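Okay, here's what each chain looks like letter by letter:
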Amino acid sequence: MPSLFIVMLGGRHARANTEVHDVVLAVGESLEAVYPQLKQAWFAEPQGLHIDAWAQINGIEFEGVNYQLQFSHAAPAQDEKKLYLINLGGYDPREFGELHRYVLVVAQNEIVAKVKGKQHFAAHWHKQHTDRVLEVDDCLAIDQVHGHFVQLVQGEFANNRWENTYLSI
């Protein structure tokens, strides 16, 4: 059964001084099976492309309700709840650079998703703000990935898996 993969890709870009990163979504049976999707989505140099973190998502428990992720070739109804990926950013006065936290929320629309996502800011961050994630300000609706519509169906689901690691692809 396919899963949703959320992958933090890292690599080099000709105009960057340091390594750059992007979050890419893919659908497949295993992490290795989605490598072609990840490579196709990468915007920079293919040499040195790697994974810094990844998650295999089969479902989400949100606000006390379990939702399975199911994939279909048919679009869900407009009024159905969607899964959103929220990219939160902020600063810790003891560290250099912007810190990020990625959270998944279930909501009826982007406005509600942003409100729910902002509840997950780290308490010690200063100057909290929300960044652009892919093509939507503050949050990304995960409603279609690699030709598959993503549907949330109430019910139990196989365990999700999250890993911070370095994997060359």
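Basis of the calculations
- Residues numbered from 1 in each chain as written.
- Predicted model: local features only at pLDDT ≥ 70, side-chain atom pairs only at ≥ 80, totals over all residues.
- Heavy atoms only, no water.
- Pairing = 2+ DSSP bridges.
- Helix = DSSP H or I, 4+ residues; strand = E, 2+ residues; numbered from the N terminus.
- Axes fitted to C-alpha atoms, helices over the stretch in contact; angles between N-to-C directions.
- Phe/Tyr/Trp six-rings, centres within 6.5 Å; stacked < 30°, edge-to-face > 60°.
- Buried < 20%, exposed > 50% of the residue type's maximum accessible area, 1.4 Å probe, protein only.
- pLDDT = per-residue confidence, 0-100.
- Contact = heavy atoms within 4.5 Å.

Draft legend 1. Seen up close, the sheet that holds strand β2 (residues 20–28). Pairing in this open sheet of four strands is antiparallel, and the strands run β2-β1-β3-β14 from one edge to the other. Unpaired on one side and paired on the other, β2 and β14 (161–168) mark the two borders of the sheet. Averaged over all adjacent pairs, the angle separating strand axes in this sheet is 20 degrees, with direction ignored. Both strand β3 (residues 50–57) and β14 contribute to a ladder of six bridges, which runs antiparallel.

Draft legend 2. The arrangement of the packing of aromatic side chains in detail. Considering all chains together, one arrives at two aromatic pairs under this definition. Between Trp42 and Phe43 the ring centres are 4.7 Å apart and the planes differ by 40 degrees, which places this aromatic pair in the tilted class. The class of Trp42 is buried, set by a relative accessible area of 8%.

Draft legend 3. Inspection of the confidence of the model for the protein chain at higher detail. Averaged over the protein chain, the pLDDT score is 90; the fraction of residues at 70 or greater is 93%. Predicted confidence for residues 132–137 stays below pLDDT 50, and this span has 12 contacts to residues more than four positions away or in other chains.

Draft legend 4. Region of interest: unusual backbone geometry. You will see that Glu63, though not glycine, has its phi angle at about 55 degrees, which is positive. Tracing the backbone through its elements, the reader meets Glu63 in the loop between β4 (59–62) and β5 (65–72). Judged by its relative accessible area of 57%, Glu63 falls in the exposed class. In this structure, His146 takes a positive phi of about 45 degrees despite not being glycine. With respect to the element layout, His146 can be found in the loop between β12 (144–145) and β13 (148–154).

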